[in-house]
Amino acid sequence: MKHTILLMIFALLATVACNNSADTTEEGSSDTPMENAAPSPSGEASAANTVEIELQGNDQMQFDKNEIRVKAGQKVTLTLKHTGKMAKAAMGHNFVLLKQGTDMAAFAQQAIAAVDNEYIPEGDAAIVHTKLLGGGESDTITFDAPAAGTYDYICSFPGHYALMKGKFIVE
Ligand code: CO
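No experiment lies behind these values; they were computed from the predicted model shown.

1. A few points about the sheet that holds strand β2 (residues 67-70)
Turning to step 1, where the next piece is worked out: Strand order in this open sheet of five strands is β2-β8-β7-β4-β5, and the pairing throughout is mixed. What marks the edges here is a single partner per strand, and that holds for β2 and β5 (126-129). Direction aside, the axes of adjacent strands within the sheet are offset by 25 degrees on average.

This is how it looks when you write it as structure tokens:
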């Protein structure tokens, strides 16, 4: 009988000891989520908000892209490179981003008369534009992407817009 009672007491003590150690473990682990709840700094936002685009124009009166895609809210850095050899007066290239609703043919017609302003006519139809480039030259412009939508871009050098045009899409 004595042995049986002793065994029962040992069993009870063992159970209590196990419960205590289990409780301790749970309490310890419950502290961890609170430490993880601290706010983490995000350094990716600024990098994701900038986009770099290179557009090339050549001596065959062509852009190398007829579509450029950016996201609303992005800061756009666009570099136009004239990869040809011809002079600016003969094969000049620029990048002109037009406001939505602009009549491209009418704009290009006005641009011909704006020879003293690198073929950028008066008015606000051009959202942004680069300099007029000759072979081997490049120009970089930085601007905020306009509101979401589809815009036309052209080279406004006389006669070039028929071939040198594309869609600038803001998503
Ligand atoms: Co051109």
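2. Topic: the coordination of the cobalt ion
Turning to step 1, where the next piece is worked out: Distances from the cobalt ion to its protein donors, namely Gly92 (O), His93 (ND1), Cys155 (SG) and His160 (ND1), fall within the range 2.1 to 2.5 Å.
Turning to step 2, where the next piece is worked out: Going along the chain, you hit the donors of the cobalt ion in the pattern G-H-x61-C-x4-H. Remark: Cys155 occurs in the loop between β7 (149-154) and β8 (165-170) and Gly92 occurs in the loop between α4 (88-91) and β4 (96-98); sequence separation between them is 63 residues.
Turning to step 3, where the next piece is worked out: By relative accessible area, which is 0% here, Cys155 ends up buried.

3. Describing the environment of Gln56
Turning to step 1, where the next piece is worked out: Assignment of secondary structure puts Gln56 in strand β1 (residues 50-57).
Turning to step 2, where the next piece is worked out: Separated by 38 residues in the primary sequence, Gln56 and Asn94 have C-alpha atoms spaced 9.9 Å apart.
Turning to step 3, where the next piece is worked out: Of note is the side chain of Gln56, whose polar atom sits 2.9 Å from the side chain of Glu54.

4. Digging into the packing of aromatic side chains
For any pair of aromatic rings, the description consists of the separation of the ring centres together with the inter-plane angle of the planes.
Turning to step 1, where the next piece is worked out: Summed over all chains, the structure comprises five aromatic pairs.
Turning to step 2, where the next piece is worked out: Taking 6.0 Å as the distance between ring centres and 40 degrees as the angle between the ring planes, the aromatic pair formed by Phe143 and Phe168 counts as tilted. Linking Phe143 in strand β6 (residues 138-144) with Phe168 in strand β8, this pair joins segments that are 25 residues apart in sequence. Phe168 carries the same exposure label as Phe143, and that label is buried.
Turning to step 3, where the next piece is worked out: Among the aromatic side chains, those forming a connected cluster through ring pairs are Phe63, Phe95, Phe143, Tyr153 and Phe168.

5. As for the confidence of the model for the protein chain
Turning to step 1, where the next piece is worked out: Summing up the model confidence of the protein chain, the mean pLDDT is 82 and the portion of residues at 70 or higher is 72%.
Turning to step 2, where the next piece is worked out: Every residue in residues 1-45 is under pLDDT 50, and counting partners more than four places away or in other chains gives zero contacts.

6. Some thoughts on the pairing of β6
Turning to step 1, where the next piece is worked out: Alternating residues of β6 divide into Asp139, Ile141 and Phe143, all buried, and Ser138, Thr140, Thr142 and Asp144, none buried.
Turning to step 2, where the next piece is worked out: As paired elements, strand β3 (residues 75-82) and β6 share seven bridges and run antiparallel to each other. Within β6, the position partnered with Leu78 by the bridge is Ile141.

7. Here's the deal with the nonpolar core
A general feature of soluble globular proteins is that nonpolar side chains tend to end up buried together.
Turning to step 1, where the next piece is worked out: Within the largest apolar cluster, 28 residues are counted, with the highest numbers of intra-cluster contacts made by Val70, Val76, Phe95 and Phe168.
Turning to step 2, where the next piece is worked out: Broken down by secondary-structure element, the contributors of at least two residues to this core are β1, β2, β3, β6, β7 and β8.
Turning to step 3, where the next piece is worked out: Not counting the four nearest positions on each side in its chain, Phe168 is found in contact with Ile68, Val70, Val76, Phe95, Leu97, Phe143, Pro146, Gly149, Thr150, Tyr151 and Tyr153.
Turning to step 4, where the next piece is worked out: Counting residues in hydrophobic clusters, the runner-up holds six residues, among them Val96, Leu98, Met104 and Ile120.

Conventions and cut-offs
Residues numbered from 1 in each chain as written. Predicted model: local features only at pLDDT ≥ 70, side-chain atom pairs only at ≥ 80, totals over all residues. Heavy atoms only, no water. Pairing = 2+ DSSP bridges. Helix = DSSP H or I, 4+ residues; strand = E, 2+ residues; numbered from the N terminus. Axes fitted to C-alpha atoms, helices over the stretch in contact; angles between N-to-C directions. Donors = N, O, S within 2.8 Å, 3.2 Å for Na, K, Ca; no water. Buried < 20%, exposed > 50% of the residue type's maximum accessible area, 1.4 Å probe, protein only. Polar contact = N/O pair within 3.5 Å; in protein donor to acceptor, adjacent residues only side chain to side chain. Phe/Tyr/Trp six-rings, centres within 6.5 Å; stacked < 30°, edge-to-face > 60°. pLDDT = per-residue confidence, 0-100. Contact = heavy atoms within 4.5 Å. Core = buried A, V, L, I, M, F, W, Y, C linked by side-chain atoms within 4.5 Å.

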